[in-house]
Amino acid sequence: MNTMMTEWPKFSPETLGRLFDAVDVDDIIDAHTCLPDPIVLAVPEDAIRRCYALCLQFWDDGVSREELLHLVEKLMRNEGLSADERLQYKHSRARYKHLRFAQRLYSRNHRSSYLFDLTTRVLGHMQDGFRGGKRGTIVRQGWKLRVLLSKPVWNFVRRGMVETRLDSEAGVIAFQKAEMSRLKKAVNRTIFAGDQFHAVRKIVSMQVSYYDTLRSLAPNEHAYCMSRFLAAINGLMGSRHDEMVAESLSGRRSYNTPAPLAKETRSRLETLVARYPL
């Protein structure tokens, strides 16, 4: 697939709103949603193109460089963010994460560009810092974000996102299967250090983002069920990860202290990998 920057379709506010609503609940636990039977992996190349285009527009229309940099500057001046500003920061980071997942899912090399990935990670470290009241973390990450959100870097990064080349249907399916094989192997562990736990959650989160996007393009019961089942796992693991980060920042427990998965988390992961068509 050889998509040029002028060829990306544009989507209505209603479609973007559906994606926003889906992303906003992608860690909400729905105990009653079951996996579809069977899990279907087929995804036409036009759907791949539309998925990436929607994720690109979701980020491009929804993140203001100036407003995000303003929040960073406030934090660096040791001024607290209001509840609305914290929510704005959270939503901006969510749009970064969603587009980063899209690059990994749909691009030919299945990797996010270095600077976009770095910005997404630094935004996360900054969020951990102001949530935990860690002044040193806020200042260190703030200096990085001043550079990453500067206009020349922003324009360079945006151009790279727009010029992304996409993989074929066979390539996307092969990547999905490889990721789920990694997940299946990981679930065989009895205990997980912090990095191992986070690696598992990233695979789940990327799958949530994939089905969130698919179900936002048009009504899709299969994608909806996959999205909600995966979101429950993502929510369980996200809550535990927040606890791990807080424990690490407070010095109560090292982030990489090995621990078993919670029973419900393991059960849902085992169901997923058992049913996934590898």
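Before any of the text, the structure's been laid out above.
Residues numbered from 1 in each chain as written. Predicted model: local features only at pLDDT ≥ 70, side-chain atom pairs only at ≥ 80, totals over all residues. Heavy atoms only, no water.

**Q** Can you lay out the overall build of the protein for me, pointing to particular residues and giving the numbers?
**A** The helix and strand tally for the protein stands at eleven helices and zero strands. The N-to-C order of helical and strand elements in the protein reads α-α-α-α-α-α-α-α-α-α-α. Relative to its length of 278 residues, the protein is compact, with a C-alpha radius of gyration of 19 Å against a globular reference of 19 Å. Considering only C-alpha atoms, the protein reaches an extent of 55 × 50 × 30 Å along its principal axes. Burial analysis of the protein (278 residues in total) assigns 51% to the buried set. (Helix = DSSP H or I, 4+ residues; strand = E, 2+ residues; numbered from the N terminus. Rg over C-alpha atoms; globule rule 2.2 N^0.38 Å. Buried < 20%, exposed > 50% of the residue type's maximum accessible area, 1.4 Å probe, protein only.)

**Q** Just give me the short version of the pattern of salt bridges, but keep the residues and values in it.
**A** Tallied over the full model, the rule gives 16 salt bridges. For Lys 74, the salt bridge is made with Glu 85, and the minimal N-O distance between the two is 3.1 Å. With Lys 74 in helix 3 (residues 65–76) and Glu 85 in helix 4 (residues 83–106), this pair connects stretches of sequence that are eleven residues apart. A single burial state applies to Lys 74 and to Glu 85, both of which are buried. Here Arg 240 and Glu 247 are joined by a salt bridge, their closest N and O atoms 3.8 Å apart. When its relative accessible area of 25% is taken as the criterion, Arg 240 is described as partly exposed. Residue Glu 247 is classed as buried on the basis of its relative accessible area, which comes to 17%. Residues joined in a network through salt bridges with shared partners are Arg 100, Arg 104, Asp 117 and Arg 121. (Salt bridge = Lys/Arg side-chain N within 4 Å of Asp/Glu carboxyl O.)

**Q** For the layout of surface pockets, give the residues involved together with the corresponding values.
**A** Roughly 1200 Å³ of volume is contained in the largest pocket. Lining the largest pocket we find 43 residues, and of these Arg 93, Lys 97, Gln 127, His 198 and Arg 201 sit closest to its centre. If you list the elements that add at least two residues to the lining of the largest pocket, you get helix 1 (13–24), helix 4, helix 5 (114–132), helix 9 (194–217) and helix 10 (221–250). A per-class count over the lining of the largest pocket returns nine nonpolar, 17 polar and 17 charged. One number sums up the size of the second largest pocket: a volume of about 180 Å³. Along the wall of the second largest pocket there are 15 residues; nearest its centre are Phe 197, Arg 240, Met 244, Pro 260 and Leu 261. It is helix 10 that contributes the most residues to the lining of the second largest pocket, four residues altogether. Residue composition of the lining of the second largest pocket, by class: nine nonpolar, three polar and three charged. (1 Å grid on protein atoms, 1.4 Å probe; cavity = no way out; pocket = protein on both sides within 12 Å on 5 of 7 lines; lining within 4 Å. Points joined across faces, edges and corners; volume = space filled by probe spheres on them. Nonpolar A, V, L, I, M, F, W, Y, C, P; charged D, E, K, R; others polar.)

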